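A closer look at the structure
Given next are the chains, with one letter for each unit.
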Amino acid sequence: MEFKEIKFETDIGIISTDALLVVDMQYDFMPGGALPVEAGDEIIKGINEVAQAFFNKKAKIILTQDWHPKNHLSFASNHPGKNPGDKYQTEAIGPVLWPDHCVQGTHGANFHEDLNLDVAHAIIRKGYNPNIDSYSGFLENDKKSETGLAGLLKSLRIKRIFICGLALDYCCYFSAIDGKSFGFNVIFMPNLSKGIDIPSGNISISLEAMKKQGIKFANNNSFKS
Ligand code: VGL
Ligand code: ZN
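Residues numbered from 1 in each chain as written. Chains lettered and ligands numbered in written order. Predicted model: local features only at pLDDT ≥ 70, side-chain atom pairs only at ≥ 80, totals over all residues. Heavy atoms only, no water.

**As for the site of ligand 1**
Applicable threshold: One heavy atom within 4 Å of a molecule or strand makes the whole residue count as near it. In protein, a polar contact requires one atom able to donate a hydrogen and another able to accept it; more generally it is a pair of N or O atoms within 3.5 Å, and residues adjacent in sequence count only if both atoms are side-chain atoms. To measure how exposed things are, a 1.4 Å probe is used in the Shrake-Rupley method; for residues, cover is taken only from the protein chains shown. Throughout, the ten residues Ala, Val, Leu, Ile, Met, Phe, Trp, Tyr, Cys and Pro are labelled nonpolar, Asp, Glu, Lys and Arg are labelled charged, and all others, Gly among them, are labelled polar.
Looking at ligand 1, the residues that line it are D24, F29, L35, D66, W98, H101, Y135, L166, A167, Y170, C171 and I196. One nitrogen or oxygen atom from the side chain of H101 is found 3.1 Å from a nitrogen atom belonging to ligand 1. Measuring from an oxygen atom of ligand 1, one finds a backbone N or O atom of A167 at 3.0 Å. In isolation ligand 1 exposes 260 Å². Once the protein is present, 100% of that is buried. Of the residues assigned to the shell around ligand 1, the class counts are nine nonpolar, one polar and two charged.

Shown next as structure tokens:
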């Protein structure tokens, strides 16, 4: 599904049982970072605006942070002879190997300084198990190990989650799908997201799959003022 074919919701009133999930807005996913997403920094301003609107309505803002140990098996550098982008698929890793990124405690793992962290209620870290990747903010790639996000949202009585951030076709996509299967009403914000598009065409496949799963779409103009 192409961007121009997306139908956006209108007249959404933000309420206190809503949450905004801001995915992986870290330096390594920004231009110049280790695993750069094209124009990843261009969505920061729009995300800050929506986050402030959520904060003003007493909705919750939750950030995710990709947070890998140096020996993480998703890194090509931990597989002798392999390069970033090489195909590699197991239950816990793949479909490709990545450059070293978001290593715990490094600059690349930090949130972009322009992102307004002050409005965030919680930060969920993921990908800290060296043997399992975690694209989704809810579940590691083994589809069993929980990050704790679903429990946090449930205990806060959240019913509806809005998702934005990086990368559209990986961490945003899997967070949206898992959010739906945990029983949340999920709304994705494509204008506040940018994708990696590996393999080529992956962004449009991800948007289509979200639509098929009953995920709705919103942009900055979808909200009641
Ligand atoms: C991500 C690949 C590897 C993401 C994280 O944030 O979308 N993608 N780690
Ligand atoms: Zn990662």
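**Digging into the coordination of the zinc ion (ligand 2)**
Ideal donor angles around a metal are set by the shape: a four-donor tetrahedron calls for 109.5 degrees, a six-donor octahedron for 90 or 180 degrees. To keep things clear, this is the line we draw: In this analysis a donor is any N, O or S atom within 2.8 Å of a metal ion (3.2 Å for sodium, potassium and calcium), and since water is not included, sites may seem incomplete. Irregular is the label for any site that misses the other tests, which are tetrahedral for four donors with all angles between 85 and 135 degrees, and square planar for four donors or octahedral for six when opposite donors exceed 155 degrees and the remaining angles lie between 65 and 115. Helical segments are the DSSP runs of H or I of at least four residues, strand segments are the runs of E of at least two, and each set is numbered from the N terminus.
Every protein donor of the zinc ion (ligand 2) is accounted for by D66 (OD), H68 (NE2) and H101 (NE2), and the metal-donor separations fall at 2.0 to 2.1 Å. Classification of the site at the zinc ion (ligand 2) as irregular follows from its four donor atoms and the range of 88 to 168° in their angles at the metal. Sequence spacing among the residues donating to the zinc ion (ligand 2) works out to D-x1-H-x32-H. Within this pair, whereas D66 is found in strand β2 (residues 60-66), its partner H101 is found in the loop between β2 and β3 (122-126), the two being separated by 35 residues in sequence.

**Observations regarding the packing of aromatic side chains**
As a reminder of what qualifies: Pairing of aromatic side chains here covers Phe, Tyr and the six-membered ring of Trp, requires ring centres within 6.5 Å, and sorts the geometry by plane angle: under 30 degrees stacked, over 60 edge-to-face, intermediate tilted. Working definition: with a 1.4 Å probe on protein chains only, accessible area under 20% of the residue-type maximum means buried, over 50% means exposed, and in between means partly exposed. In this scheme, Lys NZ or Arg CZ marks a charge over a ring once it lies within 6 Å of the ring centre and within 35 degrees of the ring normal.
Enumeration over the complete set of coordinates arrives at ten aromatic pairs. Measuring from centroid to centroid gives 5.6 Å for F162 and F223, while their planes differ by 50°, and the two rings are tilted. Of this pair, F162 sits in strand β4 (residues 160-166) while F223 is found in the segment after β6 (216-217), placing the two residues 61 residues apart along the sequence. Residue classification places F162 among the buried residues on the basis of a relative accessible area of 0%. A connected cluster of aromatic rings, assembled from ring pairs, spans W98, Y135, Y170, Y173 and F174. Over the face of the ring belonging to W67 we find R125, whose NZ or CZ atom lies 3.7 Å from the ring centre.

**Topic: the sheet that holds strand β1 (residues 18-23)**
What counts is decided by this rule: A strand pair is defined by DSSP finding two or more bridges across the two strands. Throughout, a residue-residue contact means that at least one pair of heavy atoms, one from each residue, lies within 4.5 Å. Axis lines are fitted to C-alpha atoms, over the contacting stretch for helices. Their N-to-C directions set the angle, which ranges from 0 to 180 degrees.
Here six strands make up an open sheet; going across it, the order is β3-β2-β1-β4-β5-β6 and the pairing parallel. Unpaired on one side and paired on the other, β3 and β6 mark the two borders of the sheet. Of the strand pairs in this sheet, strand β5 (residues 185-194) and β6 are connected by two bridges, and their pairing is parallel. Within β6, the residue paired with F188 across the bridge is F217. Docked against the sheet, helix α1 (residues 44-56) engages β1, β2, β4 and β5, running at close to 155° with respect to β1. On the sheet, helix α3 (residues 168-181) packs against β1, β3, β4 and β5 and is oriented at approximately 170° with respect to β4.

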